[in-house]
Amino acid sequence: MIDVLYFAWIRERIGLPKERVETTAATVADLVAELVAREERYAAAFADTRAVRVALDQELAEFTSPLAGVREVAFFPPMTGG
Amino acid sequence: MIDVLYFAWIRERIGLPKERVETTAATVADLVAELVAREERYAAAFADTRAVRVALDQELAEFTSPLAGVREVAFFPPMTGG
Amino acid sequence: MRTVRIQQSPFSYGDESDAFARQAGPAGAVVTFLGRVRDEGGRLSAMEIEHYPGMTERAVTAILDEAMARWHLTAGLVIHRHGPIAPGEAIMMVATAALHRGEAFEAAEFLMDYLKSRAPFWKKEFGSDGAEWVAAQDADEDALRRW
Amino acid sequence: MRTVRIQQSPFSYGDESDAFARQAGPAGAVVTFLGRVRDEGGRLSAMEIEHYPGMTERAVTAILDEAMARWHLTAGLVIHRHGPIAPGEAIMMVATAALHRGEAFEAAEFLMDYLKSRAPFWKKEFGSDGAEWVAAQDADEDALRRW
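Residues numbered from 1 in each chain as written. Chains lettered and ligands numbered in written order. Predicted model: local features only at pLDDT ≥ 70, side-chain atom pairs only at ≥ 80, totals over all residues. Heavy atoms only, no water.

**A closer look at the overall build of chain A**
Looking only at helices and strands, chain A has three helices and five strands in total. Listing each helix as α and each strand as β along chain A from the N terminus yields β-α-β-α-α-β-β-β. Compactness check: chain A gives a C-alpha radius of gyration of 12 Å against a globular reference of 12 Å for 82 residues, within 12% of the reference. A burial count over chain A gives 50% of its 82 residues as buried. Sequence-distant contacts, at least 24 apart, represent 49% of the contacts inside chain A between residues at least 6 apart. (Helix = DSSP H or I, 4+ residues; strand = E, 2+ residues; numbered from the N terminus. Rg over C-alpha atoms; globule rule 2.2 N^0.38 Å. Buried < 20%, exposed > 50% of the residue type's maximum accessible area, 1.4 Å probe, protein only. Contact = heavy atoms within 4.5 Å.)

Here you go:
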């Protein structure tokens, strides 16, 4: 089980800020593929993954990063702070 | 007659902040030559003119600048504001 | 002295600047930056900033630590708000203190460039045309290359 | 809004920063710089700043006008003290306000570089080794070349 968090327009498209996901995905990309296969709203959120950033246990990561040992995955658009 | 002002260590070497000078000098360099010829303290102040800046009527100028129509000449070291 | 505050409530730029300068030690140079919501000629009625609690503090602290080490700052501060913010209000500020002005300026610009695209904040603008998430600019990503 | 103040009395960095930001109009970005007397590890007991009354106001105003035009500032401020100043005390500050952060930062750095070597101020330091006029640095003159 892994906590998956969504922010900004990704959160809005999927319709929830956080969920627990049962997965055996090896990488972030594998997890995204599982989510996209689930429902249309996930497909809409991940339609263009160039516009999606990912953090693993609150550190920026890549879609190729492995999920082994990770407890929290977050997906969000490019950041616009400052 | 022209007002001549001195600042910082140039003022200290010459021993006064301001004086009125009777001169027919055509340029700043000519005025400096007249002053240097007067007394040792002026010679000491203008010993190295690369370390001296000049302003004519409160605008930065050059030693080659003409004095015609100028009412106030100021000599000072390179500025150290900020 | 290192200060990171992520908060919903407003802050006073004057009071924070003053307090920062007082505790900045022997620094000859203090630079502060204030970022505010522009009203975009009246088209913007409000802004809302979403963030990622937990990661935000970690990311901002890491960015500030890097700036302090790289430019030998005697003090550094980042305050960043989240939640609803009205036009004209302060969004965030950074402050840097160093022996010389060049270090304080560079560190402040570095902090701004990194906070802009590496700290997990997302701005949503509410205006006469509806609500819209602010898009990241290529220029913001490019700005990181100079560091 | 353009403000130039050449004064002997101390000023409050917090109050001035706050007042500046309030009257800076629609600016999204405000940068302030504070320059203070360093104590040089205790070796400096006081500083005295001499200036050229009349020319100082003219020169500083001209530098600020140039910065405001070049970076489209919505407000600009320079406060510079003269007379005796104790270690740790504020010597001067500049503040710039612009729509975007890059303009506010560049204008503030430009102002500092020009005030350093083109405004008629001279610093004299009083310390345990006696009194000495601060020498201009080649680096300060070089700093002007980037503008």
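**Section: the interface of chain C and chain A**
Each partner contributes residues to the interface: chain C has 25 residues there, and chain A has 21 residues. Taken together, both faces of the contact between chain C and chain A bury some 1,800 Å²; the carbon and sulfur share is 55%. Taken together, chain C and chain A are joined by three salt bridges. Across the salt bridge formed by Lys124(C) and Glu12(A), the nearest N and O atoms sit 2.4 Å from each other. Those elements giving two or more residues to the side of chain C that touches chain A turn out to be strand 3 (44-51), helix 2 (55-70), strand 6 (90-98), helix 3 (101-118) and strand 7 (121-127) of chain C. The greatest single-element share of the side of chain C that touches chain A, amounting to five residues, is contributed by helix 3 of chain C. In terms of residue class, the side of chain C that touches chain A is made up of 15 nonpolar, four polar and six charged. (Buried area = accessible area lost by both parts, 1.4 Å probe. Salt bridge = Lys/Arg side-chain N within 4 Å of Asp/Glu carboxyl O. Nonpolar A, V, L, I, M, F, W, Y, C, P; charged D, E, K, R; others polar.)

**Brief notes about the relation of the copies chain C and chain D**
Expressed as a screw operation, the relation of chain C to chain D combines 0.0 Å of axial shift with a rotation of 180°, fitting to an RMSD of 0.0 Å. Given the turn and translation reported, the copies of this chain are related as if by a two-fold rotation axis. Distance from the rotation axis, computed per C-alpha, reaches its smallest value in chain C at Gly14(C): 2.0 Å. Mapped onto chain D, 100% of the interface residues of chain C are again interface residues, and the two copies thus contact each other with one and the same surface. (Least-squares fit on C-alpha atoms with pLDDT ≥ 70 in both.)

**A short note on the sheet that holds strand 5 (residues 72-76) of chain A**
Residue and element names in this part refer to chain A. Reading across the sheet, the five strands line up as 2-1-5-3-4 and stay open at both edges, with mixed pairing between neighbours. Of all the strands in the sheet, just strand 2 (18-21) and strand 4 (59-61) have a single pairing partner and so form its edges. With strand direction ignored, the average angle separating the axes of adjacent strands in the sheet is 30°. Across four bridges, the pairing between strand 1 (residues 2-6) and strand 2 is antiparallel. (Pairing = 2+ DSSP bridges. Axes fitted to C-alpha atoms, helices over the stretch in contact; angles between N-to-C directions.)

**Here we look at the side chain of Asp113(D)**
By the element assignment, Asp113(D) lies in helix 3 (residues 101-118). Not counting residues within four places of it along the chain, the set of residues in contact with Asp113(D) comprises Arg101(C), Ala143(D), Leu144(D), Arg146(D) and Trp147(D).

**Describing the nonpolar core**
Nonpolar side chains tend toward joint burial in soluble globular proteins. If you look at the biggest cluster of nonpolar residues, it comprises 67 residues, and the most contacted ones within it are Val94(C) and Val94(D). With near-sequence residues (within four places) excluded, Val94(C) lies in contact with Val31(C), Thr32(C), Phe33(C), Leu77(C), Val78(C), Ala108(C), Leu111(C), Met112(C) and Leu115(C). In terms of nonpolar packing, the next biggest core, distinct from the first, is built from 34 residues, Leu5(A), Ile10(A), Tyr42(A) and Val52(A) among them. (Core = buried A, V, L, I, M, F, W, Y, C linked by side-chain atoms within 4.5 Å.)

**Concerning the sheet that holds strand 7 of chain C**
Residue and element names in this part refer to chain C. Strand order across the open sheet formed by four strands is 5-3-7-8, with antiparallel pairing between neighbours. Each edge of the sheet is formed by a strand with only one pairing partner; in this case those strands are strand 5 (83-85) and strand 8 (130-133). Recorded for the sheet is a direction-independent mean angle of 25° between the axes of neighbouring strands.

**Looking at the interface of chain C and chain D**
Size of an interface: often given as the accessible area lost when the parts come together. The interface of chain C with chain D comprises 30 residues on the first partner and 30 residues on the second. Taking both partners together, chain C and chain D bury about 2,600 Å²; carbon and sulfur atoms supply 52% of that area. Considering only the surface of chain C that becomes buried against chain D, Arg36(C), Arg101(C) and Phe105(C) emerge as the three largest contributors, covering 27% of it. For the pair chain C and chain D, the number of links is four salt bridges. The residue Asp113(C) makes a salt bridge to Arg101(D) at a minimum N-O spacing of 2.6 Å.

**Quick word on the pattern of salt bridges**
What the rule picks out here adds up to 36 salt bridges over all chains. Arg20(A) is the salt-bridge partner of Asp3(A), the closest N and O atoms lying 3.2 Å from each other. Taken together, the residues Asp3(A) in strand 1 and Arg20(A) in strand 2 connect sequence positions 17 residues apart. Residue Asp3(A) is classed as buried on the basis of its relative accessible area of 17%. Close ionic contact of Arg38(A) with Glu19(A) constitutes a salt bridge, the shortest N to O distance being 3.2 Å. Of this pair, Arg38(A) sits in helix 2 (residues 28-38) while Glu19(A) sits in strand 2; the two residues are 19 residues apart in sequence, bridging distant segments of the chain. Several salt bridges converge on common partners, so that one network encompasses Arg101(C), Glu109(D), Asp113(D), Asp140(D) and Arg146(D).

**So, the packing of helix 2 of chain C against helix 3 of chain C**
A pair of packed helices can be characterised by two numbers: the angle between their axes and the separation between those axes. Residue and element names in this part refer to chain C. At their nearest, the axes of helix 2 and helix 3 sit 10 Å apart, and the two run at 160° to each other. When the axis of helix 2 is compared with that of helix 3, the two are roughly antiparallel. Along this stretch, helix 2 crosses helix 3, giving a crossing that reads as right-handed. Counted together, Ala-59, Val-60, Ile-63, Leu-64, Glu-66, Ala-67 and Arg-70 of helix 2 and Phe-110, Leu-111, Tyr-114, Leu-115 and Arg-118 of helix 3 form the full contact between these two elements. Here the residues of the contact of helix 2 with helix 3 are counted per class, giving nine nonpolar, no polar and three charged. (Parallel < 35°, antiparallel > 145°, perpendicular 65-115°, else oblique. Left-handed = near helix turned anticlockwise from the far one by under 90°.)

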